[in-house]
Amino acid sequence: QVQLVESGGGLVQPGGSLRLSCAASGSSFSLYTMGWYRQAPGKQRELVALITSGGTTNYADSVKGRFTISRDNAKNTVYLQMNNLKPEDTAVYYCNANRWVNGKLNSFWGQGTQVTVSS
C-alpha cells in the first residue's frame with residue numbers, strides 16, 4: 001500500500017554533501033517510522049538513520065554528526081542530508097517505511113539510489 005521512490009544519489013567528492021529524498025505514496029505516511037539503510041558491495045545492509053512518527057531520530061555511529069534525517073509529512077517525503085561524505089559512505093541507499101498494525105509489522109522498501117564518494 002506504500003510505494004517509496006528514492007532520489008538524489010550520485011557522485012560526490014570526499015568532504016562534499018548530498019541530500020537524498022524518499023517520496024512516499026499511500027496512506028498514513030505520518031504514522032510510519034521512516035529509515036535510511038545502505039548496502040555496500042560485499043557487505044550486509046545496515047541502518048543509517050531513522051525517524052519515528054513522533055520525530056525521534058537514531059543514527060548509526062559511523063554517520064553521527066554528519067548525517068541528518070528529517071521528514072515533511074505534508075509532502076510525504078523523508079530526507080537524508082549527508083555532509084562531510086567519506087569514501088566509506090559509498091553504497092546503495094534504501095528508503096524504508098515501518099509500521100506496526102494490530103501486532104503485524106508492515107514494511108516497505110524503495111528501489112535504492114547509488115551514492116558514490118570518490119576523488
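Because the structure is predicted, anything quoted here is derived from the model rather than measured.

A. Local environment of the pattern of salt bridges. In total, this model carries 4 salt bridges according to the counting rule given. Note that Glu46 and Arg38 form a salt bridge whose closest N and O atoms lie 2.8 Å from each other. Overall, the relative accessible area of 33% leaves Glu46 in the partly exposed class. We note a salt bridge from Lys64 to Asp61, for which the minimum N-O separation is 3.0 Å.

B. View of the packing of aromatic side chains. Following the criterion strictly, the structure yields 2 aromatic pairs and no others. With a centroid separation of 6.2 Å and an interplanar angle of 65 degrees, the aromatic rings of Tyr32 and Phe108 are classed as edge-to-face. Residue Tyr32 is found in the loop between strand E3 (18-25) and strand E4 (33-39), and its partner Phe108 is found in strand E10 (residues 104-109); the two are separated by 76 residues along the sequence. Above the plane of the ring of Tyr37 lies Arg45, whose end atom (NZ or CZ) is 5.8 Å from the centre.

C. Broad picture of the pairing of strand E8 (residues 77-82). Counting buried residues in E8 gives 5 out of 6 residues, a clear majority hidden from the surface. With 6 bridges joining them, strand E7 (residues 67-72) and E8 adopt antiparallel strand pairing. Its bridge partner being in E8, Arg71 is matched across the sheet by Val78. Where E7 hands over to E8, the hairpin turn is made up of 4 residues, of which Asn76 adopts a positive phi near 50 degrees.

Procedures and definitions
Residues numbered from 1 in each chain as written. Predicted model: local features only at pLDDT ≥ 70, side-chain atom pairs only at ≥ 80, totals over all residues. Heavy atoms only, no water. Salt bridge = Lys/Arg side-chain N within 4 Å of Asp/Glu carboxyl O. Buried < 20%, exposed > 50% of the residue type's maximum accessible area, 1.4 Å probe, protein only. Phe/Tyr/Trp six-rings, centres within 6.5 Å; stacked < 30°, edge-to-face > 60°. Helix = DSSP H or I, 4+ residues; strand = E, 2+ residues; numbered from the N terminus. Lys NZ or Arg CZ within 6 Å of the ring centre and 35° of its normal. Pairing = 2+ DSSP bridges.

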